[in-house]
Each structure stands twice: as C-alpha cells, then as structure tokens.
Amino acid sequence: VSFGNNVTVIYDNAFSGCDTIRKISIPSSVTQWGEYSGPFDYCVIDTMYLNNNNTCMVGQYGEFDCLFGAEIKHMIIGEGVTRIANLTLPKESLTIPSTLKELGDISYWWSGGSYKDRPKQVHVKDIVAWLNITPNGNVAESLLGVSGSIYYEGELVKNLSIPKEVKTIRRCAFYRCDSLESVVLHDGITEIGDDAFSNCSNLDSIVSLSRTAPKVYRYINDYSFKGISKNAVLYHPQGCDYSSWAK
C-alpha cells in the first residue's frame, strides 16, 4: 500500500482489521492519523515505512498510538524524520534514522505482546545520533531494553568504541543490550548516565582511556553498569583513581 504525496489525512479505521498488508509506506505529507481511533487497528503488517514527523499524532485529541493493536514485523523510520510522538514496536526489527532527535513513549504491549516480545533487532545509522536522541517517557529511554541487539551499518554490535564527538552517554543509551561484549570509552567522556549500560549481561570488558574517571550514576541500587557480566573487567590508565566506579 502506498499513498500519493498529496495525502495529508488517514482516517479512522481506514485499514482496521486488514491482515494481508505486505508493505505500507506513509509519506511525509501525512499530518493527521485518524481522529477518534487509529487507522491501522488490529492490522497485520509485514513491513511499515514511516516517512513523516509526528508519527502517531492522532487528531485534535492529542498524541496517542494510532498503531494500537497492530502487529508489525518490520518498521523502518525514514531519513528526515526528526520526531516520533508515540510508537508501537515491531516484533522483528526497527530501523532508526540518523535524523531522529526526539522519541515519545513506546507501546510494545499494546499489540497483545509483552516485554519478551520485544523486536529482535534495532538498526541505527549513526551511533552519535543515537546517543543524541531525546527520549520522552520511561519506555522510550530504554528502547534497547525492548530489543536486546543493536546493529550498526548492518553489523551486530559486539565491540563498541564510543565516537570522540560524544562527551556524555545518556541515560539508558545501551540498556539491556544483550549483544554488547566490550566497550571503549575515549578520554573526552565526562559522564555516564543512569542505566547507560545496565543489564548488558554479556558486557565483560570496559576500557576507559580517561585519566579522570568519568562521573557514573549511583542512586540506591541503580548504577550505570548494573547487571553486566559478573566476570567484567575494567581497564583504565595506571595510577588513576577509579574508586567511584567500584560496585
């Protein structure tokens, strides 16, 4: 299913209950998704392409998920999209563009799924852009917490070197990223946010090149590296004080 670039509105229940959609592409011209309910309620969709900002903004009643109840296997958010209001996660893969700046809350449970039904893969085009996304909502902050494996340029990320442009690693940036085994932090990083690498169960090597230990988040039982591999080893410049990182 494709729409012309002159389409600006997709009306209530336009495709409700349709279970034969292989591919559907939403153009950048669409500014309104329904008014009282979503146009794709209870659809089964193999691949959805989202090319418009404010995706899932539904009419005059504000922002809620117009994909409520839809079962989507693959979702590709197009380059040029800067903001997603609310989002139902696909079951198999999600592609995030380098242009995305703001991500609203995530509704992976609305499609009859559960936390265990998180998509198997999240594909990102740019690690720096990924770390600069502003998440609005607790679930959005832990997007990888509902995926588990991150892919960069088509390759599964196991060994990650944080780019030098990054000074702060945001909260939940790689939360529950099961694929991550090692990370290298360059000497310009000053702060690592709450749960930035928490529950990365296979993360067993952390290399920090800074002579001054970056600030890590601690609050009661929360910690930037909580729940990583029990065999994890921290490597840092000799003679430098990293006692603030002690578990």
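Residues numbered from 1 in each chain as written. Predicted model: local features only at pLDDT ≥ 70, side-chain atom pairs only at ≥ 80, totals over all residues. Heavy atoms only, no water.

## Side note on the sheet that holds strand 16 (residues 191-192)
Strands sit in the order 14-16-18 across an open sheet of 3 strands; the sheet is parallel. Only two strands of the sheet have a single partner each, and these edge strands are strand 14 (168-169) and strand 18 (215-216). Judged from the 2 bridges that link them, strand 16 and strand 18 form a sheet pairing that is parallel. Across the sheet, the residue bridging to I192 is V216, located in strand 18. (Pairing = 2+ DSSP bridges. Helix = DSSP H or I, 4+ residues; strand = E, 2+ residues; numbered from the N terminus.)

## Thoughts on a negative patch on the surface
Together, D126, E153, E155 and E165 make up a region of like negative charge exposed at the surface. Checked against the element boundaries, D126 lands in the loop between strand 9 (121-124) and helix 1 (127-131). Judged by its relative accessible area of 31%, D126 falls in the partly exposed class. (Patch = residues over 30% accessible without salt bridge, like charges linked within 9 Å, V, L, I, M, F, W, Y side chains within 5 Å. Areas by Shrake-Rupley, 256 points an atom, 1.4 Å probe, with all protein chains shown as cover. Salt bridge = Lys/Arg side-chain N within 4 Å of Asp/Glu carboxyl O. Lys, Arg positive; Asp, Glu negative; His and termini not counted. Charge placed at Lys NZ, Arg CZ, Asp CG, Glu CD. Buried < 20%, exposed > 50% of the residue type's maximum accessible area, 1.4 Å probe, protein only.)

## Some points on the confidence of the model for the protein
When pLDDT drops low, the exact placement of atoms in the prediction is not to be read closely. Residues at a pLDDT of 70 or more form 78% of the protein, whose mean pLDDT is 81. Ranking the elements of the protein by mean pLDDT puts helix 2 (residues 138-141) last, at 51, and strand 15 (residues 182-185) first, at 97. Residue range residues 56-62 is modelled with pLDDT below 50. Its contacts to residues more than four positions away, or to other chains, number 25 contacts. For residues 108-114, every residue scores under 50 in pLDDT, and the model assigns this stretch 13 contacts once sequence neighbours within four places are set aside. (pLDDT = per-residue confidence, 0-100. Contact = heavy atoms within 4.5 Å.)

## A short note on the side chain of T47
Position of T47 among the secondary structure elements: in strand 4 (residues 44-50). For T47, a relative accessible area of 8% puts it in the buried group. A distance of 2.9 Å separates a polar atom in the side chain of T47 from a polar atom in the side chain of D46. The residues touching T47, leaving out its near neighbours within four places in the chain, are R22, K23, I24, H74 and I76. (Polar contact = N/O pair within 3.5 Å; in protein donor to acceptor, adjacent residues only side chain to side chain.)

## Focus: the pairing of strand 15
The pairing of strand 13 (residues 159-161) with strand 15 spans 3 bridges and is parallel. Within strand 15, the position partnered with S161 by the bridge is V184. The sheet contact formed by strand 15 and strand 17 (residues 205-208) spans 4 bridges and is parallel. Bridging from a neighbouring strand, S182 pairs with S205 of strand 17.

## Overview of the state of the cysteines
Under the counting rule described, the total for this entry stands at 0 disulfides. With no disulfide partner, C43 has as its closest neighbouring cysteine sulfur the one in C18, 5.5 Å distant. The cysteine C200 is free of any disulfide, with C177 supplying the nearest cysteine sulfur at 5.5 Å. For C200, a relative accessible area of 0% gives the class buried. (Disulfide = S-S within 2.5 Å.)

## A closer look at the pairing of strand 9
The alternating pattern of strand 9 places V122 and V124 on a buried face and Q121 and H123 on a face that is not buried. Relative to strand 9, strand 7 (residues 93-96) runs parallel, the two being bridged by 4 bridges. By the bridge assignment for strand 9, I96 is matched with V124. In terms of strand pairing, strand 9 meets strand 11 (residues 150-152) through 3 bridges, oriented parallel. Following the sheet pairing, H123 is matched in strand 11 by Y151.

## Regarding the pattern of salt bridges
The tally for this structure, following the rule as stated, stands at 3 salt bridges. Note that E79 is salt-bridged to K125, the shortest N-O span being 3.7 Å. Of the two residues, E79 is situated in the loop between strand 5 (71-77) and strand 6 (83-84) and K125 in the loop between strand 9 and helix 1; the sequence distance between them amounts to 46 residues. On the accessibility criterion, K125 (46% relative accessible area) is partly exposed. Ionic pairing is found between R171 and D194, a salt bridge with its closest N-O pair at 3.2 Å. Linking R171 in the loop between strand 14 and strand 15 with D194 in the loop between strand 16 and strand 17, this pair joins segments that are 23 residues apart in sequence.

## A closer look at the side chain of T95
By the secondary structure assignment, T95 is in strand 7. Not counting residues up to four positions away in its chain, the partners in contact with T95 are M75, I76, I77, H123 and K125.

## Description of unusual backbone geometry
The backbone of D195 shows a phi angle near 60 degrees, a positive value even though the residue is not glycine. By the element assignment, D195 lies in the loop between strand 16 and strand 17. Under the relative-accessibility criterion, D195 is labelled buried at 13%. Of note in the backbone geometry, N199 takes a positive phi value of approximately 60 degrees without being a glycine.

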